[in-house]
Amino acid sequence: EAQLAESGGNLVQAGGSLRLSCQASGFRYDDHLDDHLVAWFRQAPGKEREAISCVSKRDGITKYADSVKGRFTMSTDNAKNAMYLQMNNLEPEDTAVYFCAVDSKRSHSINWTWDWRYDRWGRGTQVVVSS
């Protein structure tokens, strides 16, 4: 029943920062965002969808793709059922539509980059980084 909605995408100059938000709603009373593996993906035109980061509360770990490691930080706020992606030192190559995603059936982080495992997706928010 959960629905996801991203926000925060914008046009930014190279070297700048953006903070993306993903708000989850529609959870049952006994179901919460931190019960699941949650992730951020991005997709540029003509490119494959790329896993950016995930948080697994079960595993107690946050993971990042090599392409964003050291520049992006993912976090969650369980009280608000929200997740965030802080993006620093942005590069033109970061230009893409960014999606949040949730695996409603599993909480572990194994194979977290496989987009097929996620069954809840937001519509995406556009990030454009100019040089």
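Every chain begins its residue count from 1, and numbering advances along the sequence as written. At least 70 in pLDDT is required for a residue's local features to be given in this predicted model, at least 80 for side-chain atom pairs to be given and counted, and no such filter applies to totals for whole chains, interfaces and linings, which use all residues. Excluded from the side-chain calculation are hydrogens and water; included are all heavy atoms of the structure.

Caption draft 1: Focus on the sheet that holds strand β7 (residues 72-77). Strand pairing requires that DSSP identify at least two bridges connecting the strands. Under the scheme used here, helices are H or I runs from DSSP no shorter than 4 residues and strands are E runs no shorter than 2 residues, and both carry numbers assigned from the N terminus. As summarised here, the arrangement of the four strands in space is β1-β3-β8-β7, forming an open sheet in which the pairing is antiparallel. One side of each edge strand has no neighbouring strand; the edge strands of this open sheet are β1 (3-7) and β7. Going across the sheet, the axis of each strand differs from the next one's by a mean of 15°, ignoring polarity. Relative to strand β3 (residues 18-25), β1 runs antiparallel, the two being bridged by five bridges. Bridging from a neighbouring strand, A5 pairs with Q23 of β3. Lines fitted to C-alpha atoms define the axes here, with helix axes fitted over just the stretch in contact, and angles between the N-to-C directions of these axes take values from 0 to 180 degrees.

Caption draft 2: Representation of the nonpolar core in the model. By nonpolar core is meant a set of buried Ala, Val, Leu, Ile, Met, Phe, Trp, Tyr and Cys residues that side-chain atoms within 4.5 Å join together. Relative accessibility thresholds used throughout: buried, under 20% of the residue-type maximum; exposed, over 50%; partly exposed, between the two (1.4 Å probe, protein chains only). Judged by nonpolar contacts, the single largest core of 27 residues is most densely connected at W40, F72, M83, L85, M87 and Y98. Among the elements of the structure, β3, β4 (37-43), β5 (50-56), β7, β8 (82-87), β9 (96-103) and β11 (125-130) are those that each provide at least two residues to this core. Here, residues are in contact when the closest pair of their heavy atoms is within 4.5 Å. Those residues within four positions of M87 in sequence are excluded, and the remaining contacts are G16, S17, L18, L20, R71, F72, Y98 and V127. The next biggest cluster of nonpolar side chains, apart from the first, holds eight residues, and it includes L37, A39, F41 and A101.

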